[in-house]
Amino acid sequence: MLAYAFKRLLHVIPVAFGVSIVCFLLLHIAPGDPLAAILPADATAELQAQMRALYGLDRPLVIQYLLWLLRALHGDLGLSIATGRPVTREILGAMVNSFILAGVATLIGFSLGSLLGFLAGLYRGSWIDRLASSIAMLGVSVPHYWLGIVLVIIFSVELNWLPATGGGTDGSGGRALDWSYLRFLVLPALTMSVIPMGIIARTIRSLVAEVLAQDFVQALAAKGLMPRQILRHVIRNAAPTAISVMGLQLGYLLGGSILIETVFSWPGTGFLLNNAIFTRDLPMLQGTILILALFFVIMNVLVDIVQSAIDPRIQRN
Amino acid sequence: MSLDLGGPAQPLLTVQGLVKHFPVKGSGLMRRRVVRAVDGIDFKVKKGETLGVVGESGCGKSTTARLIMKLLDPDSGTVLFDGQKLGHELELSAYRRQVQMVFQDSYASLNPRLTIEESIAFAPRIHGVTARAATERAHALLNRVGLDPGRFAGRYPHELSGGQRQRVNIARALALEPRLVILDEAVSALDKSVEAQVLNLLLDLKDEFGLTYIFISHDLNVVRFLCDRVMVMYLGKAAEIGDTEAIYERPGHPYSKALLASMPKANPAERMDEPPLAGDPPNPIDPPSGCRFHPRCALAEPVCSQSEPPLLQLGGDHEAACLANMSGSGHSLAPSRAP
Amino acid sequence: MALTLTREKAQPAIVLRSPGYWQGVLARLSRDRIAMIALIVVALLILMAILAPYLAPDDPTRGSLARRLKPLGTPGHVLGTDELGRDMLSRLIWGARLSLVMGVVPVPVAFVLGSAIGIIAGYAGGLTNSIIMRTVDVFYAFPSVLLAVALSGTLGSGLTNALVSLTVVFIPQIARVAESVTTQVHRLDYVEAARASGAGSLAIVRVHILGNVLAPIFVFSTSLISVSMILAAGLSFLGLGVRPPDAEWGLMLNTLRTAIYINPTIAALPGVMIFITSIAFNLFSDGLRNAMDVKT
Amino acid sequence: MQTPPAIIDIRNLAVTFRGGSRKVRAVNGVDLTVDRGEVLALLGESGSGKSVTLRSLLRLHPKGTLIEGEIKVAGQDVMRLGRRALADLRGGTVSMIFQEPRLALDPVYRVGDQIVETIRRHMPVSRSEARARALRLFEDVRIPSPESRLGNYPHEMSGGMLQRSMIAMALACDPAILLADEPTTALDATVQIQILLLLRELQTRRGLAVVFVTHDIGVAAQVADKVAVMYAGRIVESGHIADVIHNPRHPYTQGLLDARVELAQGSSRLRTIEGAPPDLSALPPGCAFAPRCGRVAETCRTVVPELHSGSTSVACFEPLRG
């Protein structure tokens, strides 16, 4: 088990390197001079060259990358051009908010999705299946940012029950486990949960159908188990895959939170990313993307390790 | 059309020291474990004969077939076809025209998107036969294997029964006019009455086209009926090889003996009381030391776990790898050293 | 062993031909009522986009501040007007053009490139496979929204950049599916048999691999169109897609956000169009999956 | 003369599957009795309905399958049992072993736990009692180091060991009847004979009635007291195993026996039955074997022959020998 985890972690290193290269190159495919944002428009050639040397932009690309990587490995992703604060600190702060939002959304999506998926799979072909599958289909097809706007229109604009945007205790950015904090979470979390709900429901539906088609289910009936007892076996068989899909969805939501966080002005990484794009804050942009992608990579590995730990079918050696 | 090169005395196929190990997926970081699928086998196939290869799962029968077909690259060992060394004197494409294979799974071995005639015509088309001639040949072959081309040529594999599909696979294998056909459990998945029909067909085709067969099977009755000589395999090695009658009448290896005794007799008066062999065939990963059969062998003695028996001549072509037959091996049953 | 076979006149007068796989797919698909309705909706949307100049009652870019945010059912503006007083119906109809182009085009492009990459990797195996697939893995390691935003965020807004970004997002996904099905098919006995009959790589790929891997890759790709629609509109929604004043549903959703307090119904309309398109493509893809009998 | 009632009594069983628009008549009027402590082999080729007949005894068919006729098992009317009573019968009075033990065991549960689950489903015993019982069963089926094997997952066991576990599980609640669906077909020859002998030993010791489905005459000869030969959903011949093998009366039985390779040693070709079994969704009006039969008469093509008893019971208008 530990050996497997170790091996899986080793495998991730080249991918992580690749990700860092892509993130690094992002800066260089960006049109225009990366210094344009900080330099005054009338900067002298001398000043430009000075700045270039200061940022290491006069060195070969490979050296630039290695220096950048070395700093990144020490947690130094440079300073935000917009705020002047260290990128790493800004991201970590926002990361907590994003994580809370994505975590809650995943939980909602997983609970609802599993329920719908199991119902649809167990009653395949019946009206229950058709209803559950239709809901799942709507879930995977809905433009969630639009759904967010619709929910805001209904619950904030029309009913005035919940705040339309912002986050933190009364919008202050603090965190507490009370209504003043949670009421900001309700709409974005619900909106965000819709897609994972649909995906998980569809996955579990086909998973359940797959398990039910296996010979051992008939063997379970042949030894006298009642449907409820057979259901336990089905759940236990489907669980490893279902849980890994949930883990991946959490990773997706975190990485893809930009749309929802923009709609609700939720102070997370997505919001940060959006601001970085429009202020052309390239270090911030690069750093956020790097951290989110690496988080997704690690999430993938964790999912694999957890799955192999709970699924006896996977050879553990 | 390739000519007979070495004359009738020259073996059609000579296999020497064939070895194939597969790495075990997900094995430890430090120690790479391997499946010793085929672990050093030598044998010859004479022109016009049928060589049977028998053994239980994991003995390396199918790997041997794929190695001969060059579908797998051996770790070591050579294959001579009609005296020509494969890869040196004989090019792979020329070799493949002369050696063909029929697989066990009649469905998986036909492309589901091709009609029957397209499947059969594929190989001739590759070798430069015109589309029209290839189709004509496909129809003729279908006819020959007992399927009416008018009814079957335009159909797809899933519309045929298992027996019909296996006939198609045989026709496909014959489309290049090969000299050697490897039948890898080719009739094992068929019902008994269908199996009998297909076996007769194989015999007819062999006579008609002067074919040589390697017949891989776990069914000893079928092998006895069909084969001139037999090789018994156990865990990647040849345990015994020789004329069919010699092996079936006087098996020289305790494993062959047990295998033969394990076939249920279709006579309620001849019921067995004791299983001839205990335990399951072991895993070809980390096979036992010495003679690989010793943990299950009734004749096993301490020496059997220490030294590995070579194939030893028992008379004529008949060879077996057992220390009990080998004078001076240290086994108590071994004949005293010849003067 | 002269092959006497060819000399026999064995050619039958008539060969019964079974319907082929694709005929079967079409037959099954045409019996699937939901898939057919979805197909009709897609066709209507495309028709709407093509015929926009004839269907739209008004110029989609000309507005008047005097008639801003008129409600539904306003005479002359059935679906009201937007924040700059432009006719909503006309903008929605014209918007179909850019929205469909942005949402749909990346998928076929990625289908061609991704399939090629994946099939080559799957067929070649070994080191070639490792090099290609590890590279693909790097791009796959980005959640799709993040990668699309990162690329168009750095490249800057605009139709071309958005198209490039989306295509880059989908290539690794399709390549992975293509690689995995190709590897599976490659191991099947009929490919072995073809190799054993001396066929070269090209012939094997053309005759035995392509015919059996394209269907599952195709089904997977069609399922991406809906994702692509949502993502493309999402980019515009973030201001990373087409630029104003062009009509595009995602962009309209963005610019109308300020109007949710004044005229919420109007503000939600462009999203309805995205939703309908996305559902239609998803339902059609599901129908196709069933008709093609593709697992998972 | 009062004979004790048979433990299995099937009358006029018919099973129809609905596959899309087509109706497949898998079993077509089967009468069958098995006495206590008796081993019956159901012999036939694929599609003969032997496995479907076996599963009918537990009503183990996919949803939408139509079962007609009477099935009495151990004094219970299987066709009329409610859900609960049927589940009590399954695994309690009648248990079953399958062709592929690897597929018939839940891959994510330990084998021991699956046996414990079965015991506790049918018997009011504690977990540890059930565990102890499972251990005794593992010893009974002679699994080496049974204690640790109980903790194995199915994929950690070899095929022969799995089938032994499956047998242990089937016998867990002291059933009166064991149904065996080709239990040795997937096994290697040296393992097959071990399992056959184990089954025979346990059957004798426990006085089990066994219905053993197989396509292999040799296997049937090793385990069965009686045999019923099936063709296209009907029993064509039944009787004591020795009688049927030595003096077959139905042309199909004769053909099957003649096609055995063992008999052909030394001759150049095998004797075969020409043609192929009929399409079960479009059976001929008369005897289903008529199109392939060498003794076919006019009546054979129009009337379905009844099973007539003699030295063996045979359903044929032109039987061989008496």
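Above this note sits the structure.
Please read all numbers here as calculations on a predicted model, not as lab measurements.

Tell me about the overall build of chain B, residues and numbers included.
Looking only at helices and strands, chain B features 10 helices and 12 strands. Computed over C-alpha atoms, the radius of gyration of chain B comes to 21 Å, within 12% of the 20 Å expected from 2.2 N^0.38 for 339 residues, which places it in the range of a compact globule. Counting only C-alpha atoms, chain B reaches 65 × 55 × 50 Å along its principal axes. Restricting to contacts in chain B with at least 6 residues of sequence separation, those with at least 24 account for 65%. Summed over all atoms, the accessible surface of chain B reaches about 13,100 Å², with 50% contributed by carbon and sulfur. Treating the 38 positive side-chain charges of chain B as one cloud and the 39 negative ones as another, the clouds have centres 5 Å apart.

Outline the packing of helix H4 (residues 87–122) of chain A against helix H12 (residues 282–310) of chain A, supporting the account with residue identities and numerical values.
For any two helices packed against each other, the geometry comes down to the angle between their axes and how far apart the axes lie. Residue and element names in this part refer to chain A. Between H4 and H12, the shortest axis-to-axis distance is 10 Å and the interhelical angle comes to 50°. Between H4 and H12, the angle is such that the two are oblique. Two packed elements cross with a definite hand, and for H4 against H12 that hand is right-handed. The residues of H12 that touch H4, namely those facing Val 87, Glu 90, Ile 91, Met 95 and Phe 99, are Pro 283, Met 284, Gly 287, Thr 288, Ile 291, Leu 292 and Phe 295. Among the residues making up the contact of H4 with H12, the classes are represented as 9 nonpolar, 2 polar and 1 charged.

Quick rundown of the sheet that holds strand S11 (residues 313–314) of chain D? Include the residues and the values.
All names here are of chain D. If you walk across this open sheet you meet the 7 strands as S6-S7-S8-S3-S9-S10-S11, and the pairing is mixed. Two strands bound the open sheet, and with one partner strand each, they are strand S6 (94–97) and S11. Pairing geometry for S6 and strand S7 (residues 177–181), over 4 bridges, is parallel. Bridge pairing in S7 places Val 94 opposite Ile 177. Where helix H8 (residues 189–206) meets the sheet, its contacts fall on strand S3 (39–43), S6, S7 and strand S8 (209–214), and the angle it forms with S8 comes to roughly 160°.

Can you break down the interface of chain C and chain A residue by residue, with the values?
Between chain C and chain A, the contact holds 40 residues from the first and 46 residues from the second. Between chain C and chain A, the buried area comes to about 3,700 Å², and carbon and sulfur atoms account for 79% of it. Taken together, chain C and chain A are joined by 1 salt bridge. Notably, a salt bridge pairs Asp 286 of chain C with Arg 202 of chain A, separated by 2.9 Å at the nearest N-O pair. Here chain C is connected to chain A by 10 residue pairs in polar contact (both at pLDDT 80 or more). Of all the secondary structure elements, the ones that give two or more residues to the side of chain C that touches chain A are helix H6 (126–140), helix H7 (144–155), helix H10 (201–237) and helix H12 (264–292) of chain C.

Summarise helix H8 (residues 215–222) of chain A; cite the residues concerned and give the values.
Residue and element names in this part refer to chain A. With 6 of 8 residues buried, H8 is to be regarded as a mostly interior element. Those residues of H8 not exposed but buried are Phe 216, Val 217, Ala 219, Leu 220, Ala 221 and Ala 222. Just past H8, the residue Gly 224 takes up positive phi, approximately 95°.

Can you lay out the interface of chain D and chain A for me, pointing to particular residues and giving the numbers?
At the junction of the two partners, chain D supplies 26 residues and chain A supplies 21 residues. Our enumeration of links across chain D and chain A arrives at 2 salt bridges. One salt bridge connects Lys 223 of chain A with Glu 117 of chain D, and the closest N-O pair in it is separated by 3.3 Å. At the surface where chain D touches chain A, the tally comes to 14 residue pairs in polar contact (both at pLDDT 80 or more). When contributions to the side of chain D that touches chain A are tallied by element, the ones reaching two or more residues are helix H2 (83–89), S6, helix H3 (101–104) and helix H4 (111–122) of chain D. Tallying contributions element by element places H4 of chain D first for the side of chain D that touches chain A, with 5 residues.

Residue-level account of the nonpolar core, with values.
Val 19, Tyr 145 and Ile 289 of chain A together with Phe 142, Val 149, Ile 209 and Trp 249 of chain C are the most contacted members of the largest nonpolar core, which totals 141 residues. Counting residues per element, this core draws most heavily on H10 of chain C, at 16 residues. Those residues within four positions of Phe 142 of chain C in sequence are excluded, and the remaining contacts are Val 19, Val 22, Cys 23, Ile 289, Ala 293 and Phe 296 of chain A together with Leu 147 of chain C. With 125 residues, the next largest nonpolar core counts Val 208 of chain A together with Val 94, Val 244 and Ala 290 of chain D among its residues.

An account of helix H1 (residues 2–29) of chain A is needed here, citing residue identities and associated values.
If you check H1 of chain A, its first and last C-alpha atoms are 41 Å apart, about what 28 residues at 1.5 Å a residue would give, namely 40 Å. Along H1 of chain A, the sharpest change in direction is near 25° and occurs at Ile 13 of chain A; proline Pro 14 of chain A comes one to four residues later. Residues of H1 of chain A that are buried sit in contact with helix H3 (61–73) and H12 of chain A together with H6 and H7 of chain C.

An account of the pattern of salt bridges is needed here, citing residue identities and associated values.
Inspection of the entire model under this criterion finds 48 salt bridges over all chains. Residue Glu 192 of chain C is joined to Arg 195 of chain C by a salt bridge in which the shortest nitrogen-to-oxygen separation is 3.2 Å. Of this pair, Glu 192 of chain C and Arg 195 of chain C both sit in helix H9 (residues 189–196), 3 residues apart, which is roughly one turn of that helix. Given a relative accessible area of 23%, Arg 195 of chain C falls into the partly exposed group. Across the pair Arg 271 of chain D and Asp 258 of chain D runs a salt bridge whose closest N-O atoms are separated by 3.3 Å. Here Arg 271 of chain D is found in the loop between helix H12 (261–264) and S11, whereas its partner Asp 258 of chain D is found in helix H11 (residues 251–258), with 13 residues between them in sequence. Residues joined by salt bridges that share partners form a network here, namely Arg 133, Asp 140, Arg 142, Asp 174, Glu 201, Arg 205 and Arg 206 of chain D.

Residues and numbers for the pairing of strand S4 (residues 76–81) of chain B, please.
Residues and elements named next belong to chain B. When strand S1 (residues 13–23) meets S4, the two strands line up antiparallel, connected through 5 bridges. Bridging from a neighbouring strand, Gln 16 pairs with Thr 78 of S4. For S4 and strand S5 (residues 84–85), the ladder comprises 2 bridges, and the chain directions are antiparallel. Among the inter-strand pairings, Leu 80 is bridged to a residue of S5, identified as Lys 85. Connecting S4 to the antiparallel partner S5 that follows it, the hairpin turn spans 2 residues, and Asp 82 within it adopts a positive phi of roughly 50°.

Procedures and definitions
- Residues numbered from 1 in each chain as written.
- Chains lettered and ligands numbered in written order.
- Predicted model: local features only at pLDDT ≥ 70, side-chain atom pairs only at ≥ 80, totals over all residues.
- Heavy atoms only, no water.
- Helix = DSSP H or I, 4+ residues; strand = E, 2+ residues; numbered from the N terminus.
- Rg over C-alpha atoms; globule rule 2.2 N^0.38 Å.
- Contact = heavy atoms within 4.5 Å.
- Areas by Shrake-Rupley, 256 points an atom, 1.4 Å probe, with all protein chains shown as cover.
- Lys, Arg positive; Asp, Glu negative; His and termini not counted.
- Charge placed at Lys NZ, Arg CZ, Asp CG, Glu CD.
- Axes fitted to C-alpha atoms, helices over the stretch in contact; angles between N-to-C directions.
- Parallel < 35°, antiparallel > 145°, perpendicular 65-115°, else oblique.
- Left-handed = near helix turned anticlockwise from the far one by under 90°.
- Nonpolar A, V, L, I, M, F, W, Y, C, P; charged D, E, K, R; others polar.
- Pairing = 2+ DSSP bridges.
- Buried area = accessible area lost by both parts, 1.4 Å probe.
- Salt bridge = Lys/Arg side-chain N within 4 Å of Asp/Glu carboxyl O.
- Polar contact = N/O pair within 3.5 Å; in protein donor to acceptor, adjacent residues only side chain to side chain.
- Buried < 20%, exposed > 50% of the residue type's maximum accessible area, 1.4 Å probe, protein only.
- Core = buried A, V, L, I, M, F, W, Y, C linked by side-chain atoms within 4.5 Å.
- Expected span 1.5 Å × (residues − 1).
- Bend = angle between axes of the 7 residues up to and from the residue.

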